[in-house]
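Analysis of the macromolecular model
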Amino acid sequence: MKSTDLYSSAHLFVAAVRVLDHRDGAPPSLTAVCRLIDYSDEKGHYLLNRLKESGIVDTVKSGFN
């Protein structure tokens, strides 16, 4: 089942972030999140920006990513 509404997509995105964070022990890259839930990079960037604006997620900047 593919979700098309923003609410369901955002929940799936955040769940993927949490799973990858738990599995790898570090904040995941946007590419890893999108690959896990089969989203395009564009859709991932859009969701990430909306979630950052709402204060739901924070981004971590490093020298490697």
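Use the structure listed above.
Quick notes on the rules
Residues numbered from 1 in each chain as written. Predicted model: local features only at pLDDT ≥ 70, side-chain atom pairs only at ≥ 80, totals over all residues. Heavy atoms only, no water. Helix = DSSP H or I, 4+ residues; strand = E, 2+ residues; numbered from the N terminus. Rg over C-alpha atoms; globule rule 2.2 N^0.38 Å. Buried < 20%, exposed > 50% of the residue type's maximum accessible area, 1.4 Å probe, protein only. Areas by Shrake-Rupley, 256 points an atom, 1.4 Å probe, with all protein chains shown as cover. Lys, Arg positive; Asp, Glu negative; His and termini not counted. Charge placed at Lys NZ, Arg CZ, Asp CG, Glu CD. 1 Å grid on protein atoms, 1.4 Å probe; cavity = no way out; pocket = protein on both sides within 12 Å on 5 of 7 lines; lining within 4 Å. Points joined across faces, edges and corners; volume = space filled by probe spheres on them. Nonpolar A, V, L, I, M, F, W, Y, C, P; charged D, E, K, R; others polar. Core = buried A, V, L, I, M, F, W, Y, C linked by side-chain atoms within 4.5 Å.

Another point: the overall build of the protein. Helix and strand counts for the protein stand at 3 helices and 0 strands. Counted from the first residue to the last, the protein has its helices and strands arranged as α-α-α. The C-alpha radius of gyration computed for the protein amounts to 11 Å, which stays within 12% of the reference 11 Å derived for 65 residues, consistent with globular compactness. Each principal axis of the C-alpha atoms in the protein carries an extent, and together these give about 35 × 25 × 20 Å. Every one of the 65 residues in the protein was classed for burial, and the buried ones make up 25%. Accessible area of the protein: about 5,000 Å², with a carbon and sulfur share of 54%. One finds the centroid of the 8 positive side-chain charges in the protein at a distance of 1 Å from the centroid of its 8 negative side-chain charges.

Our next topic: the layout of surface pockets. Approximately 530 Å³ is the volume attributed to the largest pocket. Lining the largest pocket are 20 residues, with Pro-27, Pro-28, Asp-58, Thr-59 and Val-60 sitting closest to its centre. Of all the secondary-structure elements, those providing two or more residues to the lining of the largest pocket are helix H1 (6-24), helix H2 (30-37) and helix H3 (41-53). Of the residues forming the lining of the largest pocket, the biggest block, 5 residues, is contributed by H1. Of the residues assigned to the lining of the largest pocket, the class counts are 11 nonpolar, 4 polar and 5 charged.

Another aspect to go through is unusual backbone geometry. Here the phi dihedral of Asp-38 falls at roughly 60 degrees; this positive angle occurs in a residue that is not glycine. Structurally, Asp-38 can be placed in the loop between H2 and H3.

Turning our attention to the nonpolar core. Counting residues in each nonpolar core, the largest one holds 13 residues, and the members touching the most others are Phe-13, Leu-30, Val-33, Ile-37, Tyr-39, Leu-48 and Leu-51. Residue assignment for this core shows that the elements contributing at least two residues are H1, H2 and H3.

What follows covers the environment of Asp-21. Within the fold, Asp-21 resides in helix H1. With relative accessibility at 35%, the residue Asp-21 sits in the partly exposed group. Spatially, the C-alpha atoms of Asp-21 and Val-33 are 9.9 Å apart, while their sequence positions differ by 12 residues.

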